[in-house]
Amino acid sequence: MDLPFIVDTFYRLMGALPVTLSVWALSVSIGGLLAMGLTWMRVSGSKPLEAFARGYIFVFRGAPLLIQLFVIYYGLSSFAFVRASIFWPFLRDAYSCAVLSLALCTAAYSSEIFRGALAAVPHGQVEAAKACGMSRLTLFRRIIFPIALRQALPAYSTEVISMTKATALVSLVTLWDMMSVALKIRNDTLVTYTPLLVAGAIYFVLNFLIARAFMAFEYYLSAHQRRRLV
Amino acid sequence: MSFADVIAQLGFGERGWGLALLEGALMTLLVSIAGLLIGAALGSLVAWSKLSGNIISAAVGNAYAAIFRGVPELLVVYFVYFGSSALLTGLGNLIGIEGFVGVPPFAAGALAVGIVSGAYQAEVYRGAYLAIARGELEAAKSVGMARLLMFRRIIAPQVLRFAIPGLGNLWQVALKDSSLISVTGLAELMRVSQVAAGSTRQPFVFYLAGGALYLLLTTLSNRVFDKAEARATRGLRRAAS
Amino acid sequence: MPDNEQSAISVVNMRKRFGKLEVLKGISLNAREGDVISILGSSGSGKSTFLRCINLLEIPDDGVVTVAGETIKMRKKPDGTAEPVDHKQVDRIRSELGMVFQSFNLWSHMTVLENLIEAPVHVQKRPRAECVEEAHALLKKVGIGDKADYYPAHMSGGQQQRAAIARALAMRPKVMLFDEPTSALDPELVGEVLRVMRALAEEGRTMLVVTHEMSFARDVSSRVMFLHQGLVEAEGPPAELFGASKSERFRQFISGQAHKAG
C-alpha cells in the first residue's frame, strides 16, 4: 500500500475533475434543452416533425456514443467546407466537439424519458384544467409540466448518471479528463491497479452524490404521495 | 477523392474495406454475445444472492451492482484488460516466462462487458422472479416437485419469459458497450472503422459506415427480441395496452 | 322562441359523430336561471358526450351553444366537422361553466386549497388573498373545512368529489355541469356528495346533471331529460316523467334502474 503514491494519484485526478464536471454539466444542460425540443416535435402532430424526431432518436440511441464522437470530431474536420465555415473555430476544438456530441446523444435518450413522462400525466386532470378555462400555456406551466417533472425524475437521474460515465470517452478525443490522467499515470509508472482504482472511486463517489441529490429533489416534490403525518 | 473512389473503398474489391467492416460487425456480435452470457451468469448469481435472504451474500451482490453501475464502462474495460494482463504477466514471471503476457482482447473485452451487464441483469432477473405468481410455486411444491426440478421446469422458464423485455434493452447496451473494447485493439467494428478511417484518410465515410452497421445490428436485434417476446408472452394475459 | 334574456344556457340542435357512429342526433336544451336539469339515459345514449360538448371538451359537429347570452362562435371544416373560431372565447366561457367529473380529477400535486385557488388566481386573475378566503369558506360549506392542506391522495372518494365541487364553485360559475358525479364512489360515500348537490340546487344554482341517481332526478331537479340513442326521448318535470310518462322506453329505463338498485 504505497500511500504517498495513492495520495499523489488522487490529487492529480482531482486536478482533472473540473474538465470531467464541466463537460458533464454542459452536455447534460444542452442535451436537456435539445431533448425538450425533440419531445415537442414528437408530440406536435406534424408528420414531418415527428418523423425527424423519431429518426434522430433512432440514430443517436442505436449507434455507440464513441462512434458518434468520432464522426463529429474526426469526421467533420475532414470536410473543406466545414473548415471554411464560421463554425470551424468551434468544431476544431476537441472540447466543443465532445460537449456537442455528448449533448446530441443524451438528447435522444432524455427525449424518450420526457415523452414517457408527458404520456403519464393523467388525462382527467388535464381536462379539469381545460374545463376551468386555462389557456394552453397556463395548462402546460401549472399542470402538465409539474406532474411530468415528477414522473421523469427517476428515469432522468439514471440518464444523468450515464452521462458522467460517458464523459470518460472524451479521453479518446484528446481531452485531459480524469480518465486520461489515470491512463497517463499508469503509462508513466507502470502501476496498473492504483490509478484506475482511485479514478474509479472518484467516479463512484461523484455518481453517488448525484443520485442522492436527485433523491432529495424527488423527496421534496413528492409530499402528495407520501403518507400524511397528522 | 471522387465519389466513385469512396464507393470503391466501401466495397469489396481490392481497395475495399467492405469485407473488413462486415467481419468487424461479426466480431462485435460475437463479443457482445459472450459478454451478455457472462453477464447472465453473474446477474443470476447476484439476483439469487439478493433473493436468498442471506445478508452477507445480498450485501456482496448489492456492492457489486452498485460499483459497476457507478463507474465508467471504459474504465472497466481498461481495468480488466490491463489488470488481467498484469496478473498474467506476474504469474508468467513466477513460472519463468519473461516479459509481457497479454490476455486475449476478446476474453478481456467480453469479461468487461459481462461484468457491467451483470450488474444490470441482476435487477432484471430479480424483478422477473418476483413477477412469478406465488401460487404457481406453491402448486409445484404441493405436487411434490423436487427443488431442482421446480427450478428447471417452472422458475427458469418463467423468469426468462418475464426478463425478455429487460434483456432486449440490455443487449442493445452490450452491443454499444462493445465499441469500447476497441481500445484493446480487438478487431471489432469500431476498431475496423478506426483503422479504415486512418488508412484511407476518410474518417467521415468510415465512421458513418461503422455507425450504419451498428444501426443495422440494432434493428435486426429489435426484430429478434420482438419475436422472442411475442412467443414468450403467448400464454400471458396482458392488460389492454 | 326561447326567452334568451332569462336563459342561463341554451343548446340548439347539437350533433356529434365519432367516425361512422352518430352519437348525438340533434339535441336541444334550454335552462333558465335556477333550473336543475337531470340528464338520464342508458350507456351509449350520448348523455356524457352531450355535456362534454357544451364546454367543448368534445367538439360538436353542429349546433349552437349559448351561455349567459354569449354564443360560442363555431365554423365548419371541410370534412364536415366543426371547430371553435376563437379559443380565447372558449377559455372565457369555460371559466363561466364549472364542471365536476366522474373521477374528480383533482390536481394530484397540489393541496386541496391550492386546487381551489388555482383557476381563480391564474385564469380569472383575481387577487390571491381573496381567493384563499373564499376557498376556505367553500370548503367549510361542502363539509371539509379542515382538509384545506390535504393532498387528494389522502382523502376518501367522497371528500375528493366534494373538494372538486368546491373547486368548481370557486370559479363563481354561471352554470354547473356534473358528469356522473357519484358513479365512481363507493355506495356509502354517495350520500355526502348528493347532499352537497342538493344544497346547491336549493340555493338556486343552475345545474346540468348527468346522473344515474334516480332519487336526485326525482326529488331535486326541476326538469328531467331522458336521452335515447342520441335523441331526446322524453322531457319534463320529474312528477310528470316519473309519475306516468308517455314514453315506453323511459318506463322501461326506470324499472331497469330500480332492478339495479336492488
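See the structure printed just above.
Keep in mind it's a predicted model, so treat the numbers as computed, not measured.

### Some thoughts on the overall build of chain C
Scanning chain C for helices and strands turns up nine helices and twelve strands. Computed over C-alpha atoms, the radius of gyration of chain C comes to 18 Å, within 12% of the 18 Å expected from 2.2 N^0.38 for 262 residues, which places it in the range of a compact globule. Looking at chain C as a whole, 47% of its 262 residues are labelled buried. Within chain C, counting contacts between residues at least 6 apart in sequence, those at least 24 apart form 63% of the total.

### A short note on the pairing of strand β4 (residues 62-67) of chain C
Residues and elements named next belong to chain C. The alternating pattern of β4 places G63, V65 and V67 on a buried face, while none of D62, V64 and T66, on the opposite face, is buried. Of the pairings in the sheet, the one linking strand β1 (residues 7-18) to β4 comprises five bridges and is antiparallel in character. Each residue of the ladder has a partner; that of S10, found in β4, is T66. As paired strands, β4 and strand β5 (residues 70-71) are joined by two bridges and run antiparallel to one another. Within β5, the residue paired with V67 across the bridge is E70. Where β4 folds back onto β5 in an antiparallel hairpin, the turn is made up of two residues, including A68, whose phi is positive at roughly 50 degrees.

### Some details on the nonpolar core
Ranked by internal contacts, the top residues of the largest apolar core, which has 199 residues, are L75(B), V76(B), A112(B), I39(C) and L208(C). Per element, the largest residue contribution to this core is 14 residues, and it comes from helix α6 (residues 94-119) of chain A. Contacts of L208(C), omitting those with residues within four sequence positions, involve A31(C), I37(C), I39(C), L51(C), V175(C), L177(C) and F178(C).

### Points about the interface of chain C and chain A
At the junction of the two partners, chain C supplies 22 residues and chain A supplies 20 residues. Of all elements in the fold, only α2 (87-96) and α3 (112-122) of chain C reach the threshold of two or more residues within the side of chain C that touches chain A. Examining the composition of the side of chain C that touches chain A, we find that four residues originate from one element, α2(C), more than from any other. A breakdown of the residues in the side of chain C that touches chain A according to their chemical character gives ten nonpolar, eight polar and four charged.

### Remarks on the sheet that holds strand β9 (residues 175-179) of chain C
All names here are of chain C. What the six strands build is an open sheet, ordered β8-β9-β10-β3-β11-β12; its pairing is mixed. Each edge of the open sheet is held by one strand with a lone partner, namely β8 (97-100) and β12 (231-236). Sheet twist, expressed as the mean angle between neighbouring strand axes with direction ignored, is 15 degrees. With four bridges joining them, strand β3 (residues 36-40) and strand β11 (residues 223-228) adopt parallel strand pairing.

### Brief notes about the environment of F216(C)
Residues and elements named next belong to chain C. By the secondary structure assignment, F216 is in helix α7 (residues 214-219). On a C-alpha basis, the gap between F216 and R195 in space is 9.5 Å, while along the polypeptide they are 21 residues apart. Here F216 is in contact with S38, L194, M197, T211 and S221, once residues within four sequence places are set aside.

### Focus on the environment of V198(A)
All names here are of chain A. In this fold, V198 is placed in helix α10 (residues 193-221). According to the C-beta neighbour criterion, V198 is buried, with 23 such atoms within 10 Å. Along the primary structure V198 and A182 are separated by 16 residues, whereas in three dimensions their C-alpha atoms are 8.4 Å apart. For V198, the contacting residues outside a window of four places in its chain are I6, T9, F10 and L13.

### Section: helix α5 (residues 157-170) of chain C
An α-helical turn contains 3.6 residues, so any two residues separated by three or four positions project in the same direction. For α5(C), spanning 14 residues, the distance from its first C-alpha to its last is 20 Å, which sits close to the expected 20 Å at 1.5 Å a residue. Among the 14 residues in α5(C), 13 count as buried, and that is most of the element.

### Here we look at unusual backbone geometry
The backbone phi angle of T174(A) is positive, close to 70 degrees, even though this residue is not glycine. You can call T174(A) exposed: it has 12 C-beta atoms within 10 Å.

### A few points about the sheet that holds strand β2 (residues 21-32) of chain C
Here four strands make up an open sheet; going across it, the order is β2-β1-β4-β5 (chain C) and the pairing antiparallel. Strands with a single pairing partner mark the edges of an open sheet, and in this sheet they are β2 and β5 of chain C.

### What to know about the interface of chain B and chain A
At the junction of the two partners, chain B supplies 28 residues and chain A supplies 28 residues. Within the residue set of the side of chain B that touches chain A, elements represented by two or more residues are α3 (55-70), α4 (73-94), α8 (189-200) and α9 (203-232) of chain B. Top element by residues in the side of chain B that touches chain A is α9(B). It accounts for nine residues. A class-by-class count of the residues in the side of chain B that touches chain A yields 18 nonpolar, eight polar and two charged.

### Here's the deal with the packing of α4(B) against helix α5 (residues 105-131) of chain B
All names here are of chain B. Closest axis-to-axis distance for the α4/α5 pair is 9 Å, and the angle between their directions is 135 degrees. Regarding the angle of α4 to α5, the classification is oblique. For the pair α4 and α5, the crossing hand works out as right-handed. Taking contact as the criterion, the partners of E73, V76, V77, V80, Y81 and S84 in α4 are, on α5, P105, A108, G109, L111, A112, I115 and V116. Residue classes in the contact of α4 with α5 are distributed as ten nonpolar, two polar and one charged.

### Observations concerning the packing of α10(A) against α4(B)
Two quantities define a packed helix pair, namely the angle between the axes and the distance from one axis to the other. Two numbers describe how α10(A) lies on α4(B): the axes approach to 10 Å, and their chain directions differ by 160 degrees. Here α10(A) is positioned roughly antiparallel relative to α4(B), judged by the angle of their axes. Our pair here, α10(A) against α4(B), has a crossing hand that is left-handed. Of the residues in α4(B), those touching α10(A) at Y193(A), L196(A), A199(A), G200(A) and Y203(A) are L75(B), Y78(B), F79(B) and G83(B). Its residues placed into classes, the contact of α10(A) with α4(B) shows seven nonpolar, two polar and no charged.

Calculation criteria
- Residues numbered from 1 in each chain as written.
- Chains lettered and ligands numbered in written order.
- Predicted model: local features only at pLDDT ≥ 70, side-chain atom pairs only at ≥ 80, totals over all residues.
- Helix = DSSP H or I, 4+ residues; strand = E, 2+ residues; numbered from the N terminus.
- Rg over C-alpha atoms; globule rule 2.2 N^0.38 Å.
- Buried ≥ 20, exposed ≤ 12 C-beta atoms within 10 Å, placed from the backbone.
- Contact = placed C-beta atoms within 7 Å.
- Pairing = 2+ DSSP bridges.
- Core = buried A, V, L, I, M, F, W, Y, C linked by C-beta atoms within 7 Å.
- Nonpolar A, V, L, I, M, F, W, Y, C, P; charged D, E, K, R; others polar.
- Axes fitted to C-alpha atoms, helices over the stretch in contact; angles between N-to-C directions.
- Expected span 1.5 Å × (residues − 1).
- Parallel < 35°, antiparallel > 145°, perpendicular 65-115°, else oblique.
- Left-handed = near helix turned anticlockwise from the far one by under 90°.

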